[in-house]
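Descriptive structure summary
Residue-level listing of the chains:
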Amino acid sequence: MSDAKIREDIVRRAASLYNRGLSFGSSGNISVRVDDGWLMTPTGSSMGDLDPARLSLLDPEGRHISGDAPTKEAFLHMAMYAKRSGASAIVHLHSTHSVAVSCLKCIDQKDVLPPLTAYYVMRVGKLPLVPYFAPGDLELAKAVGEMASDHHAVLLANHGPVVSARSLSDAVYATEELEETAKLFLALQAMETRPLTADQVADLQRRFPS
Ligand SMILES: O=C(CO)COP(=O)(O)O
Ligand SMILES: [Zn+2]
């Protein structure tokens, strides 16, 4: 894809997330690997109103080259890419149901959500909770980096999901699947549920290797 097409793709997918209430205010950020480094959404920008020409371009070392100043989570994105050579895009949101789950006291911090559906297993799989640090804190980037070799998706405590994937469309789909599964999980709180069995999860991992 040409640089112009990648920029258009970021703007279009970000607006779609915003228009469906998955991002609001100036929350969340997106990055995509390009030939000369990374394109990132600018800090303080609304996903509903991005300008393709003003997206931040960072060089392979993460230095700001052009466009507006990058997201304050640029180091977090870089820390994840450093551990996931196959990743070409990262999406971070403050999507409501995922954030709600990230605030719960009694969750399994090693794997926050149960395997309720096949698509959750196929697109997300395991989801560890990253301890709370302030947005943009280098310690947050470090904590994500430490988990990223084993996990392409993590949930930041009292904050929101971070998902990497081979392409921006895959990162967006996985983030949406995570949000919908968090919504299901909350809706089912008072009811006895029947998640997929370990055998069913293993079968999906065989059929759809990530
Ligand atoms: O979600 C955010 C911080 O975690 C938004 O920050 P930026 O506006 O700097 O991207
Ligand atoms: Zn955030």
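This one's a predicted model, so the numbers in the text were calculated from it and none came from an experiment.

What counts, and where the lines are drawn
Residues numbered from 1 in each chain as written. Chains lettered and ligands numbered in written order. Predicted model: local features only at pLDDT ≥ 70, side-chain atom pairs only at ≥ 80, totals over all residues. Heavy atoms only, no water. Phe/Tyr/Trp six-rings, centres within 6.5 Å; stacked < 30°, edge-to-face > 60°. Helix = DSSP H or I, 4+ residues; strand = E, 2+ residues; numbered from the N terminus. Buried < 20%, exposed > 50% of the residue type's maximum accessible area, 1.4 Å probe, protein only. Right-handed = clockwise from strand over helix to strand, strands pointing away. Pairing = 2+ DSSP bridges. Donors = N, O, S within 2.8 Å, 3.2 Å for Na, K, Ca; no water.

What follows deals with the packing of aromatic side chains. In this structure the tally under the stated criterion is 1 aromatic pair. With 5.2 Å between their ring centres and 40 degrees between their planes, Trp-38 and Tyr-81 make a pair best called tilted. Of the two residues, Trp-38 is situated in strand β2 (residues 37–40) and Tyr-81 in helix α2 (residues 74–83); the sequence distance between them amounts to 43 residues.

This brings us to the pairing of strand β7 (residues 153–156). Neither face of β7 is exposed, since Ala-153 and Leu-155 on one face and Val-154 and Leu-156 on the opposite face are all buried. After leaving strand β6 (residues 129–130), the chain enters helix α5 (residues 138–148) and then returns to the sheet as β7, a path that is right-handed. Bridge count for β7 against strand β8 (residues 160–165) is 4 bridges, and the pairing is antiparallel. Across the sheet, Leu-156 pairs through a bridge with Gly-160, a residue of β8.

Here we come to the coordination of the zinc ion (ligand 2). The protein atoms that coordinate the zinc ion (ligand 2) are His-92 (NE2), His-94 (NE2) and His-159 (NE2), at distances spanning 2.0 to 2.1 Å. Going along the chain, you hit the donors of the zinc ion (ligand 2) in the pattern H-x1-H-x64-H. One end of the pair, His-92, is in strand β5 (residues 89–92); the other, His-159, is in the loop between β7 and β8, with 67 residues separating them in the sequence. Classification of His-159 as buried rests on a relative accessible area of 7%.

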